[in-house]
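Commentary on secondary and tertiary structure
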Amino acid sequence: MSHSNGPARATSSALKLSIARTLEHFFSPHSWQVRTGGNCITFTLLNEDHMLGNALQYMVMKNPDVEFCGYCITHPSESKINFQIQTRGALPAVEPFQKGLNDLMGRSMKEYRAQREEEIQ
Amino acid sequence: MAAKRRTDEMRDRVVLGEFGVRNVHTTDFPGNYSGYDDAWDQRRFEQAFRVDVIREEGDELEFDMVGIDAAIANAFRRILLAEVPTMAVEKVFVYNNTSIVQDEILAHRLGLIPIRADPRLFEYRNQGDEEGTEIDTLQFQLKIKCSRNSQAAKESSDPNELYFNHKVYSKHMTWVPLGNQTDLFPDADFRPVHDDILIALLRPGQEIDVLMHCVKGIGKDHAKFSPVATASYRLLPDITLLQPIEDEAAELLQKCFSPGVIEIQNVKGKKVARVANARLDTFSREVFRHESLKNLVRLARVRNHYIFSVESTGILPPDVLVSEAIKILMGKCQRFLNELDSVPME
């Protein structure tokens, strides 16, 4: 099992162990497989379900360049989703996926900050 | 003007009719409505979004999130239920169990006991690791033997008098530090959240002697790891009176809703009904059972106003749980972004 981190850094052994364990728990070697034809792409996201699928689909659909976006759970016994994006024109379909993830992160960040402010009061 | 109002209603409200619910799905995506700019805009979102904490008592938290969509609200609910990690008993080493509770039933019950241990201090256990190390395991011991009380009165039939230790409670579980845990956690007091959870009943001569290993896990794996008693949300109710309602009709209307929703005011000698606090209503739709009131009221829900209710099992305070849930969602997004960057796309 390989980690797709950058070059090895000199960290303390305890920290390394902690990183390694968290990665091994969540990170599987083929977290996503791709079939693509330019402006249409289908990701298979392993160990995901409606939680990320529906939220990400909403964020990607908010992108005006996206013609079609949907997700499905292939079989309830397997925990993976097929996530498909189709863009208008020649826009490579990976971009809305990245933008959707970034937007979802930005939104969560804002919610986190708002929640922290509430806590302080 | 009427068309715009209808469009706005379609976009903002989920309308509860007599026989069904209308405008259920989110439709405000770019291109669906002409004249509306629905593309994602972080600034617009930040202006409209707010979080209001309504009530925070002990383990219960009620807060409002205004300006988000059902997909995101549901994502948070699911994360709170299934993906925020906690510590719970996973492996039970039974040295002696002569009680009438079978080993596996006892182990199942022990697993469901919430353990007061901050899961952020621990790591996940490696797959395939049977022993466990001090950074991923908490060890508890339950060793108890029931004996007869020789001082009890002869005719007494009360078990509390006749026997010692005949009820095994969660307070009998003691923490056994592993390795250097006493140095790692000098002030820690790891124990079950509640002292009075009844685990088993014993009679004289019966004994339970078990060693338990707690590990970190998530609710997706087993419900014992779920940190919330429950987490749920509902949409803010919106009740509109389409015509003025007076006198007896007003009294009837007040009875149709939960107490406090409709208040009756005296206007020029007549009793007039007014919507005081729609938030309290539980939407039993009693109004639709009265022919005279059916068409005078519009029941709806505000589509982007979510009233969350989070009740923690006591392991972590509920506001910490919500923060952790948001962090987990961010972590998931970051993970996929990192993978996209690292693996080259053809």
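An unreviewed UniProt entry annotates chain B as DNA-directed RNA polymerases I and III subunit RPAC1 originating from Melopsittacus undulatus. You can read under Subcellular location (unreviewed entry) in the UniProt record for chain B the words "Nucleus".

Per an unreviewed UniProt entry, the recorded name for chain A is DNA-directed RNA polymerase RBP11-like dimerisation domain-containing protein, and the organism is Melopsittacus undulatus.

Another point: the nonpolar core. Grouped together as the largest cluster of nonpolar side chains are 62 residues, with contacts concentrated most on Phe83(A), Phe97(A) and Leu104(A). Broken down by element, the residue count for this core peaks at 12 residues, all from helix 8 (residues 318-342) of chain B. Residues in contact with Phe83(A), not counting those within four places in the same chain, are Ile41(A), Thr42(A), Phe43(A), Leu45(A), Gly53(A), Leu56(A), Gln57(A), Val60(A), Cys69(A), Gly70(A), Tyr71(A) and Phe97(A).

Here we take up the layout of surface pockets. Empty space within the second largest pocket amounts to approximately 570 Å³. In this structure, the second largest pocket is lined by 23 residues; those nearest its centre are Lys62(A), Arg11(B), Asp28(B), Gly67(B) and Asn304(B). Of all elements in the fold, only helix 1 (2-12), helix 2 (42-48) and strand 18 (297-312) of chain B reach the threshold of two or more residues within the lining of the second largest pocket. Per-class residue counts for the lining of the second largest pocket are eight nonpolar, three polar and 12 charged.

For the rest of this paragraph, the subject is the sheet that holds strand 5 (residues 86-97) of chain B. Residue and element names in this part refer to chain B. The sheet built from four strands is open, its strands ordered 5-14-7-11 with antiparallel pairing. The open sheet has two edge strands with one neighbour each: strand 5 and strand 11 (173-175). For this sheet, the mean angle separating the axes of adjacent strands, direction not counted, is 25°. Pairing between strand 5 and strand 14 (residues 207-217): 10 bridges, direction antiparallel. Each bridged residue has a counterpart across the sheet, and for Met87 the counterpart in strand 14 is Lys216.

Interfaces are frequently sized by the accessible area removed from exposure as the parts join. Tallying the contact residues gives 52 residues for chain A and 52 residues for chain B. Summed over both sides, the interface between chain A and chain B buries roughly 5000 Å², with carbon and sulfur atoms accounting for 66% of that surface. Our count for the chain A to chain B interface comes out at four salt bridges. Across the pair Arg335(B) and Glu48(A) runs a salt bridge, and its minimum N-O distance is 3.6 Å. Counting across the interface, chain A meets chain B through seven residue pairs in polar contact (both at pLDDT 80 or more). Taken together, the elements giving at least two residues each to the side of chain A that touches chain B come down to helix 1 (13-26), strand 1 (32-36), strand 2 (40-46), helix 2 (50-61) and helix 3 (94-120) of chain A. Among the elements that take part in the side of chain A that touches chain B, helix 3 of chain A stands out by supplying 21 residues, more than any other.

A word on the pattern of salt bridges. Inspection of the entire model under this criterion finds 37 salt bridges over all chains. A salt bridge links Arg107(A) to Glu111(A); its shortest N-O distance comes to 3.9 Å. In this pair, Arg107(A) and Glu111(A) both sit in helix 3, four residues apart, roughly one turn of the helix. The exposure class of Arg107(A) is buried, given its relative accessible area of 2%. A relative accessible area of 1% places Glu111(A) in the buried class. Ionic pairing is found between Asp38(B) and Arg11(B), a salt bridge with its closest N-O pair at 3.0 Å. In this pair, Asp38(B) is assigned in the loop between strand 2 (21-22) and helix 2 and Arg11(B) in helix 1, connecting sequence segments 27 residues apart. The two residues Asp38(B) and Arg11(B) agree in class, both being buried.

Each aromatic ring pair is characterised by the separation of its centres together with the angle its planes make. Residues and elements named next belong to chain B. Counted according to the given criterion, the structure contains 13 aromatic pairs over all chains. Across from the ring centre of Tyr36, 4.1 Å away, lies the NZ or CZ of Arg11, which sits over that ring. Here Lys216 stacks its cationic end above the ring of Tyr124, 4.8 Å away from the centre of that ring.

Take the packing of helix 2 of chain A against helix 3 (residues 70-82) of chain B next. Where helix 2 of chain A meets helix 3 of chain B, the axes come as close as 8 Å, and the angle between the chain directions of the two elements is 160°. Comparing the axis directions of helix 2 of chain A and helix 3 of chain B gives the class roughly antiparallel. Judged by the twist between their axes, the crossing of helix 2 of chain A over helix 3 of chain B is left-handed. Residues His50(A), Met51(A), Asn54(A), Ala55(A), Tyr58(A) and Met59(A) of helix 2 of chain A form the contact with helix 3 of chain B, whose participating residues are Ala71(B), Ile72(B), Ala75(B), Arg78(B) and Ile79(B).

Residue and element names in this part refer to chain A. Taken residue by residue, chain A gives an average pLDDT of 74. The fraction at 70 or more is 67%. A low-confidence stretch, residues 1-14 stays under pLDDT 50, and its non-local contacts, those more than four residues away or across chains, total 11 contacts. Predicted confidence for residues 20-31 stays below pLDDT 50, and this span has 29 contacts to residues more than four positions away or in other chains.

Here, UniProt's "domain: DNA-directed RNA polymerase RBP11-like dimerisation" (unreviewed entry) annotation points to residues 40-106 of chain A. Split by type, residues 40-106 of chain A is 37% helix and 34% strand. Its first and last C-alpha atoms lie 25 Å apart.

Looking now at the side chain of Glu48(A). Of note, Glu48(A) is situated in the loop between strand 2 and helix 2. Glu48(A) sits in the buried class, given a relative accessible area of 1%. Only 3.2 Å separates the side chain of Glu48(A) from the side chain of Lys332(B), close enough to count as a polar contact. Residues contacting Glu48(A), with those up to four places away along its chain left out, are Ser79(A), Lys80(A), Ile81(A), Lys332(B), Arg335(B) and Phe336(B).

Parameters and conventions
Think of each chain on its own: its residues are numbered from 1, step by step along the sequence as written. All chains are assigned letters beginning at A, and all ligands numbers beginning at 1, according to the order in which they are written. With the structure being a predicted model, the display of local features is reserved for residues of pLDDT at least 70 and the display and counting of side-chain atom pairs for 80 or more, all residues being used for whole-chain, interface and lining totals. Side-chain metrics in this entry use all non-hydrogen atoms of the structure; hydrogen atoms and water are not considered. UniProt positions are given in the numbering used here, feature names are shortened, and annotations may be inferred rather than shown by experiment. The nonpolar core is taken to be a set of buried Ala, Val, Leu, Ile, Met, Phe, Trp, Tyr and Cys residues, with the residues joined through side-chain atoms within 4.5 Å. The classification of residues rests on relative accessible area computed with a 1.4 Å probe and restricted to protein chains. Under 20% of the type maximum is buried, over 50% is exposed, and intermediate values are partly exposed. A run of DSSP states H or I qualifies as a helix once it reaches four residues; a run of E qualifies as a strand once it reaches two. Both are numbered from the N-terminal end. Note on definitions: a residue-residue contact is assigned when non-hydrogen atoms from the two residues lie within 4.5 Å. Both cavities and pockets are sets of points on a 1 Å grid over the protein atoms alone; in a cavity a 1.4 Å probe fits but cannot get out, in a pocket the set is open with protein on both sides within 12 Å along at least five of seven lines, and lining residues sit with an atom within 4 Å of a point. Grid points are joined across faces, edges and corners, and a volume is the space filled by probe spheres set on the points. The classification used treats Ala, Val, Leu, Ile, Met, Phe, Trp, Tyr, Cys and Pro as nonpolar, Asp, Glu, Lys and Arg as charged, and all other residues, Gly among them, as polar. A pair of strands is considered paired only if DSSP assigns at least 2 bridges between the two. All axes here are fitted lines through C-alpha atoms, helices being fitted over the stretch that makes contact, and every angle between N-to-C directions spans 0 to 180 degrees. We define buried area as the total accessible area lost by two parts upon association, computed with a 1.4 Å probe and summed across both. For this analysis, a salt bridge means a side-chain nitrogen from Lys or Arg found within 4 Å of a carboxyl oxygen belonging to Asp or Glu. Within 3.5 Å is the distance limit for a polar contact, defined as a pair of N or O atoms, with the added protein rule that one can donate a hydrogen and the other accept it, and that residues adjacent in sequence qualify only through two side-chain atoms. The pairing test for Phe, Tyr and Trp rings, Trp by its six-membered ring, is centres within 6.5 Å, and the orientation test on the planes gives stacked under 30 degrees, edge-to-face over 60, and tilted for anything in between. Here, over-ring charges are defined by two tests on the NZ atom of lysine or the CZ atom of arginine: distance to the ring centre within 6 Å, and angle to the ring normal within 35 degrees. Note that the term roughly parallel is reserved for angles under 35 degrees, roughly antiparallel for angles over 145, roughly perpendicular for angles of 65 to 115, and oblique for everything else. Rotating anticlockwise by less than a right angle from the far helix to the near helix defines a left-handed crossing, while the corresponding clockwise rotation defines a right-handed one. pLDDT expresses how confident the predictor is about each individual residue, on a scale running from 0 to 100.

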